[in-house]
Amino acid sequence: MATKTIARPRTPVASEENAPDPTDLLENTLSQLEALLWVCHGEEIDWCSGDGPRQLNNLLWLAAELARKAGELFQVSEKARRGMPEIGG
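Just so it is clear, the model here is predicted, and its values are computed rather than measured.

Q: Can you break down a nonpolar patch on the surface residue by residue, with the values?
A: Residues Leu26, Leu30, Leu33, Leu36 and Leu37 make up a contiguous nonpolar surface patch of roughly 470 Å² in combined accessible area. With respect to the secondary-structure elements, leucine 37 resides in helix H1 (residues 22-41).

Have a look at this one:
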């Protein structure tokens, strides 16, 4: 059985013309959600074999993406709080 390929953005999206395909975004989100649900279930998960390593990778990817988005939101909120115009937005 072929393994599923997950399309991950390589660079930040600068404009709508460079925006990732909605289907890729949906596939990414579903992969991350599946990994999160695996962790919530928590029983008899073998993180070292089978689907475990892929799910762990997706979970770490989700955490990294959330941290990146939180950092971006913090920068935007700090600029807004200080009354500075947003750069590139």
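Structure's up, so let's keep going.
Q: Hey, could you go over the packing of aromatic side chains for me, with residue numbers and the actual values?
A: Think of a pair of aromatic rings as described by two things: how far the centres are apart, and how the planes are tilted against each other in angle. All told, the structure shown has 1 aromatic pair when counted by the stated rule. With 6.1 Å between their ring centres and 55° between their planes, tryptophan 38 and tryptophan 47 make a pair best called tilted. With relative accessibility at 30%, the residue tryptophan 47 sits in the partly exposed group.

Q: Explain the pattern of salt bridges to me, using residue names and the numbers behind them.
A: Note on pairing: side chains with opposite charge can pair once their charged atoms come close. With the rule as written, the count across this model stands at 6 salt bridges. Close ionic contact of lysine 69 with glutamate 65 constitutes a salt bridge, the shortest N to O distance being 3.8 Å. Residue lysine 69 and its partner glutamate 65 are located together in helix H2 (residues 52-82), separated by 4 residues, close to a single helical turn. Taking the relative accessible area as the measure of exposure, glutamate 65 reaches 17% and is therefore buried. Where glutamate 78 meets arginine 82, a salt bridge forms, and the shortest distance between an N and an O atom there is 3.4 Å. With glutamate 78 and arginine 82 both in helix H2, this residue pair falls 4 residues apart, about one helical turn. Arginine 82 sits in the exposed class, given a relative accessible area of 55%. Because the salt bridges share partners, they merge into one network encompassing Glu34, Asp51 and Arg54.

Q: Could you give an account of the confidence of the model for the protein chain, naming the residues involved and the relevant values?
A: Mean pLDDT over the protein chain stands at 79; residues scoring 70 or higher make up 75%. Under a pLDDT of 50 for its full length, residues 10-14 has, in the predicted model, 3 contacts with residues more than four places off or in other chains.

What counts, and at which threshold
- Residues numbered from 1 in each chain as written.
- Predicted model: local features only at pLDDT ≥ 70, side-chain atom pairs only at ≥ 80, totals over all residues.
- Heavy atoms only, no water.
- Patch = residues over 30% accessible without salt bridge, like charges linked within 9 Å, V, L, I, M, F, W, Y side chains within 5 Å.
- Areas by Shrake-Rupley, 256 points an atom, 1.4 Å probe, with all protein chains shown as cover.
- Salt bridge = Lys/Arg side-chain N within 4 Å of Asp/Glu carboxyl O.
- Helix = DSSP H or I, 4+ residues; strand = E, 2+ residues; numbered from the N terminus.
- Phe/Tyr/Trp six-rings, centres within 6.5 Å; stacked < 30°, edge-to-face > 60°.
- Buried < 20%, exposed > 50% of the residue type's maximum accessible area, 1.4 Å probe, protein only.
- pLDDT = per-residue confidence, 0-100.
- Contact = heavy atoms within 4.5 Å.

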